[in-house]
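Structural features, examined
What follows is the residue order along each chain.
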Amino acid sequence: MDAVVTAALPVFALILTGWLAARLGVLGAAATDALNRYVVYLSLPALLFRAMANADTGQVPWGFVASFAGGIAITFAAACLHPGRRRQGLTDLAIEGLAASYTNAGYMGIPLCLALLGPASLAPAVITTLLTACGLFGVAIALIEFDQHRGRHVGITLAKVMRALARNPLLIAPLLGLACAGSGVSLPVGLDRYVELLGASASPCALVTIGLFLAQARPGGHNAAVARLVAGKLLLQPAATALFAFVIFPQPALWAWCAVLMAALPIGTGPFMLAQMYGRDARAASRAILVSTLLSVVTVSLLVAWISTRELS
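Residues numbered from 1 in each chain as written. Predicted model: local features only at pLDDT ≥ 70, side-chain atom pairs only at ≥ 80, totals over all residues. Heavy atoms only, no water.

1. Describing the overall build of the chain
- Regarding its fold elements, the chain presents 14 helices and 0 strands.
- Moving toward the C terminus, one meets the helices and strands of the chain in the order α-α-α-α-α-α-α-α-α-α-α-α-α-α.
- Looking at the chain as a whole, 52% of its 313 residues are labelled buried.
- Here the analysis covers contacts within the chain between residues at least 6 apart in sequence; of these, 86% occur between residues at least 24 apart.
- Taken as a whole, the chain presents about 14200 Å² of accessible surface, with 68% of it coming from carbon and sulfur. (Helix = DSSP H or I, 4+ residues; strand = E, 2+ residues; numbered from the N terminus. Buried < 20%, exposed > 50% of the residue type's maximum accessible area, 1.4 Å probe, protein only. Contact = heavy atoms within 4.5 Å. Areas by Shrake-Rupley, 256 points an atom, 1.4 Å probe, with all protein chains shown as cover.)

2. Quick word on the packing of aromatic side chains
- Scanning the model with the defined rule gives 5 aromatic pairs in all.
- Summarising the aromatic geometry, the rings of Phe244 and Phe249 are spaced 6.1 Å apart at their centres and angled 20 degrees between planes, so their arrangement reads as stacked.
- On the accessibility criterion, Phe244 (16% relative accessible area) is buried. (Phe/Tyr/Trp six-rings, centres within 6.5 Å; stacked < 30°, edge-to-face > 60°.)

3. Remarks on a nonpolar patch on the surface
- A contiguous nonpolar patch, built from Leu16, Trp19, Leu20, Leu24 and Val26 and spanning about 500 Å² of accessible area, is present on the exposed surface.
- Here Trp19 shows up in helix H1 (residues 2-23).
- Residue classification places Trp19 among the partly exposed positions, given a relative accessible area of 32%. (Patch = residues over 30% accessible without salt bridge, like charges linked within 9 Å, V, L, I, M, F, W, Y side chains within 5 Å. Salt bridge = Lys/Arg side-chain N within 4 Å of Asp/Glu carboxyl O.)

4. A word on the environment of Asn223
- Turning to its location among the elements, Asn223 is positioned in helix H11 (residues 223-248).
- With 65 residues separating them along the chain, Asn223 and Ala288 place their C-alpha atoms 9.5 Å apart.

5. Some words on the layout of surface pockets
- If you add up the space inside the largest pocket, you get close to 1200 Å³.
- Lining the largest pocket are 42 residues, and of these Asn36, Val40, Phe137, Thr269 and Met273 lie nearest its centre.
- Put simply, the parts of the chain that give the lining of the largest pocket at least two residues each are helix H2 (29-53), helix H5 (105-117), helix H6 (122-148), helix H7 (154-166), helix H8 (169-183), helix H10 (202-215) and helix H13 (270-277).
- In terms of residue count, the dominant contributor to the lining of the largest pocket is H2 (7 residues).
- A per-class count over the lining of the largest pocket returns 20 nonpolar, 15 polar and 7 charged. (1 Å grid on protein atoms, 1.4 Å probe; cavity = no way out; pocket = protein on both sides within 12 Å on 5 of 7 lines; lining within 4 Å. Points joined across faces, edges and corners; volume = space filled by probe spheres on them. Nonpolar A, V, L, I, M, F, W, Y, C, P; charged D, E, K, R; others polar.)

6. Some details on the pattern of salt bridges
- Applying the stated criterion across every chain yields a total of 5 salt bridges.
- A salt bridge links Arg193 to Glu196, with the nearest nitrogen and oxygen atoms 3.1 Å apart. Placement of both Arg193 and Glu196 in helix H9 (residues 189-200) is noted, with a separation of 3 residues, approximately one turn of the helix.
- Judged by its relative accessible area of 32%, Glu196 falls in the partly exposed class.

7. Considerations on helix H12 (residues 253-263)
- Of all 11 residues in H12, 11 are buried, a share of seventy percent or more.
- Of all the residues in H12, the buried ones are Ala253, Leu254, Trp255, Ala256, Trp257, Cys258, Ala259, Val260, Leu261, Met262 and Ala263.
- Looking at the buried side of H12, the elements it contacts are helix H3 (62-80), H5, H6, H11 and helix H14 (283-307).

8. Quick word on the confidence of the model for the chain
- Looking at the chain, the pLDDT average stands at 84 and 90% of residues meet or exceed 70.
- Model confidence for the chain, summarised as mean pLDDT per element, is weakest for H7 at 70 and strongest for H12 at 94. (pLDDT = per-residue confidence, 0-100.)

9. Section: the nonpolar core
- Leu44, Met108, Leu112, Leu261, Met262, Leu274 and Val304 are the most contacted members of the largest nonpolar core, which totals 83 residues.
- A total of 11 residues in this core trace back to one element, the largest contributor, which is H6.
- Ignoring any residue separated from it by four or fewer positions in sequence, one finds Leu274 in contact with Leu98, Phe137, Ala140, Ile141 and Ile144.
- Counting 7 residues, the second largest nonpolar core, distinct from the first, contains Val60, Val65, Ile127 and Trp255. (Core = buried A, V, L, I, M, F, W, Y, C linked by side-chain atoms within 4.5 Å.)

10. Description of the packing of H5 against H10
- Where H5 contacts H10, the two axes come as close as 9 Å, and the packing angle between them is 130 degrees. Relative to H10, the element H5 lies oblique. Of the two elements, H5 crosses H10, and the hand of that crossing is left-handed. Here Tyr107, Met108 and Pro111 of H5 lie close against H10, whose contacting residues are Ser203, Ala206, Leu207, Thr209 and Ile210.
- Looking at the contact of H5 with H10 residue by residue, the classes come out as 6 nonpolar, 2 polar and no charged. (Axes fitted to C-alpha atoms, helices over the stretch in contact; angles between N-to-C directions. Parallel < 35°, antiparallel > 145°, perpendicular 65-115°, else oblique. Left-handed = near helix turned anticlockwise from the far one by under 90°.)

11. Describing the packing of H3 against H6
- Packing of H3 against H6 leaves a shortest axis separation of 11 Å and a crossing angle of 40 degrees. In this structure, H3 crosses over H6, and the sense of that crossing is right-handed. For the pair H3 and H6, the contacting residues are Phe64, Val65, Phe68, Ile72 and Phe76 in the first and Pro124, Ile127, Thr128, Leu131, Thr132, Leu136 and Leu143 in the second.
- For the contact of H3 with H6, the per-class residue count stands at 10 nonpolar, 2 polar and no charged.

As structure tokens, this is what we get:
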């Protein structure tokens, strides 16, 4: 119970703060967009850069990568292979698969892991963020572009996907951090302190942004579709990830529990943004984000309480 109060409660309290700020008119839609841009383009990249610059990549258990990626793959496939799939095109299936497996890693997962598992969990949390925001997002974009331009050469589609990823600061920043770590170059003390301060603002700003988004989420979407997305995200993905992390690819306990915790988080805003970008109906994704976040207050809190009783060494 102590872990729930000290780790999970502050995270959900910050989300509630953002929701109340929007509902009370303290912060409006313009503030939501501005704060989201601040997190995506400044504070979260700074946090990812510094984490990877100080990471020891030789200590990464690759079973962790396979476990988290495996959980994503199973959940994505299950969402795409539901009985009503024949009535949907590849674009809609890709967005639905993304919504079922797109964990809120960067905004919610990193602060929660740090609060529960300590600084040692930052490296695995960053890796899950990369796998989600870059790997999974890139696959979804590739499928949609293939569906939208079936007559084009596959090279054109791949080039467009690569350009989209190359402009993603959440990919560029950790890669630059890895380059610094690999080259042995250290930032000057003043510059490193600047990056540290900028990155420290990522967690509270990101959590408040989630609350702002939820307060402005549009209701809608078929109940069955929303339930399918929420069940895939909160139940299937963490269960599949746990199977991989503890049975198929045994790894250090801290890494395994970090993989499960990150997989158990609610749906992030990526699917909603992608649906809007391609002119698809985003109401189901928006509602699924809201419902999964509300339900995660219970599911994630229970998982946090369970993890706190485990041996993590």
